[in-house]
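Architecture and fold: a report
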Amino acid sequence: MPLRIGFDMDGVLADFASAFLEIETRLLGPDAHISADRPEVEEERESAGSRQQAAGSENEAGSRQQAAGSETEDTKEDTKTDGNTEAEGPSPRELRRQRDAIWNAIRTTPGFWEGLKPIEEGAVRRIHEMMLRHRWEVFFITQRPATDGDTVQRQTQHWLVEQGFDLPSVLVLGGSRGAAAGALRLDYHVDDSPQNCLDVIAESSVKPILIAPDADDKIVASARKLGIGSARSISVCLDILEEATTVRAEPRLLARIAALVGWK
Ligand SMILES: [Mg+2]
């Protein structure tokens, strides 16, 4: 059986954070300091919003509750990202307004997802080459919000073809990454979100690899404790997958790689 490998898009292959920052600077000036949401977080917010609307629960009390809820979220995020106290930076409500303005600009940019830069030049081409050589089955899995222009799936396919991967299987999925990875019977899943990697560990026997460029030893150690492998970059991750594929028929060597990477 060929190995089946899932790759997340943003933060793994596509440089969403820089595009977000560019729009932020254009709209709010160079001093703004909103950290880029992961696209899946925004997509979930959006879907939850439309579900609420569909259920007709858009009464005043509901919106007040929602506003209060997102304030708490924003406050948490502020403290997490730059340690700013509320007195110094913009209020949570203002931050939410700014974040919404940026996302609004993203949604109204036709083909936004096609215009992203790659995180590492040549990484997608290398996955393609390895897919052919090792007869992998590769899935690109993403939960990006829709924008003007083509569907997210087609934009993502165009981007991958442009980067050197012909005939990419792109799955645009909401909900748990773990359930998806299990249903797809993946062997490995590569993601930059610790939450997605946790979902994968919790709900499937798939081995996750967390791409964590800035991770300190503590983060790597706690990922390892949970059985989540980690790599500092996509190219290091591809080296690991190359090795794991080469020794897959030799359990002792495979176990040694698993121990090095952090899989249980
Ligand atoms: Mg991601």
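As a reminder, the structure under discussion sits directly above these lines.
These notes cover the structure that comes with them. This one's a predicted model, so the numbers in the text were calculated from it and none came from an experiment.

Helix and strand counts for the protein stand at eleven helices and six strands. Counting the 264 residues in the protein, one finds 44% classified as buried. Total accessible area computed for the protein in this model is approximately 13,900 Å², and 53% of it derives from carbon and sulfur atoms.

Taken together, the protein donors to the magnesium ion comprise Asp-8 (OD), Asp-10 (O) and Asp-192 (OD), at separations of 2.1 to 2.2 Å. Every donor residue of the magnesium ion comes from the same chain, spaced as D-x1-D-x181-D. Taken together, the residues Asp-8 in strand S1 (residues 4-8) and Asp-192 in the loop between strand S4 (188-191) and helix H8 (194-203) connect sequence positions 184 residues apart. Asp-192 shares its class with Asp-8; the two are buried.

In space, the six strands of this open sheet follow the order S3-S2-S1-S4-S5-S6, with parallel pairing throughout. This sheet does not close on itself; its edge strands, each paired only once, are strand S3 (170-172) and strand S6 (229-231). Within the sheet, the average angular offset between the axes of one strand and its neighbour, ignoring direction, is 25°. Examined bridge by bridge, S1 and strand S2 (residues 137-142) share five bridges and lie parallel to one another. Its bridge partner being in S2, Gly-6 is matched across the sheet by Phe-139.

Taken as a whole and assessed by the stated rule, the structure comprises 17 salt bridges. Between Glu-42 and Arg-96 there is a salt bridge, with its nearest N and O atoms 3.7 Å apart. Of this pair, Glu-42 sits in helix H2 (residues 39-54) while Arg-96 sits in helix H4 (residues 92-107), and the two are 54 residues apart along the sequence. By sharing partners, the salt bridges in this structure join Glu-42, Arg-45, Glu-46, Arg-96, Asp-100 and Arg-107 into a single network.

A few words now on the nonpolar core. Among the nonpolar cores identified, the biggest contains 49 residues, and Phe-7, Leu-13, Phe-140, Val-190, Ile-234 and Leu-241 are the most heavily contacted of them. Of the residues forming this core, the biggest block, six residues, is contributed by helix H10 (residues 234-246). Taken domain by domain, this core gets at least three of its residues from each of domain 1 (4-16 + 116-261) and domain 2 (17-112). If near-sequence neighbours (up to four positions away) are discounted, Ile-234 is found in contact with Phe-7, Val-12, Leu-13, Glu-120, Ala-123, Val-190 and Ile-211. Ranked by size, the runner-up nonpolar core spans seven residues in total, among them Ile-141, Leu-186, Val-200 and Val-206.

For the rest of this paragraph, the subject is the packing of helix H5 (residues 123-134) against H10. One way to put it is that H5 packs onto H10 with a least axis distance of 11 Å and a crossing angle of 5°. When the interaxial angle is binned, H5 and H10 end up roughly parallel. Together, Ala-123, Arg-126, Ile-127, Met-130, Arg-133 and His-134 of H5 and Ile-234, Ser-235, Leu-238, Asp-239, Glu-242, Thr-245 and Thr-246 of H10 make up the contact between the two elements. Counted by class, the contact of H5 with H10 contains five nonpolar, four polar and four charged residues.

Per the counting criterion, the structure on display carries nine aromatic pairs. When the ring of Phe-16 is compared with that of Phe-112, the centres are 6.3 Å apart and the planes differ by 80°; the resulting orientation is edge-to-face. Separated by 96 residues along the polypeptide, Phe-16 in helix H1 (residues 16-28) and Phe-112 in the loop between H4 and H5 bring together distant segments of the chain. The exposure class assigned to Phe-112 is buried, which follows from its relative accessible area of 7%. One aromatic cluster is present, formed by Phe-16, Phe-20, Trp-103, Phe-112 and Trp-113 through successive ring pairs.

The rules we used
Residues numbered from 1 in each chain as written. Predicted model: local features only at pLDDT ≥ 70, side-chain atom pairs only at ≥ 80, totals over all residues. Heavy atoms only, no water. Helix = DSSP H or I, 4+ residues; strand = E, 2+ residues; numbered from the N terminus. Buried < 20%, exposed > 50% of the residue type's maximum accessible area, 1.4 Å probe, protein only. Areas by Shrake-Rupley, 256 points an atom, 1.4 Å probe, with all protein chains shown as cover. Donors = N, O, S within 2.8 Å, 3.2 Å for Na, K, Ca; no water. Pairing = 2+ DSSP bridges. Axes fitted to C-alpha atoms, helices over the stretch in contact; angles between N-to-C directions. Salt bridge = Lys/Arg side-chain N within 4 Å of Asp/Glu carboxyl O. Core = buried A, V, L, I, M, F, W, Y, C linked by side-chain atoms within 4.5 Å. Domains from an automatic or database assignment. Contact = heavy atoms within 4.5 Å. Parallel < 35°, antiparallel > 145°, perpendicular 65-115°, else oblique. Nonpolar A, V, L, I, M, F, W, Y, C, P; charged D, E, K, R; others polar. Phe/Tyr/Trp six-rings, centres within 6.5 Å; stacked < 30°, edge-to-face > 60°.

Without other data, these values stay purely geometric and don't point to any function.
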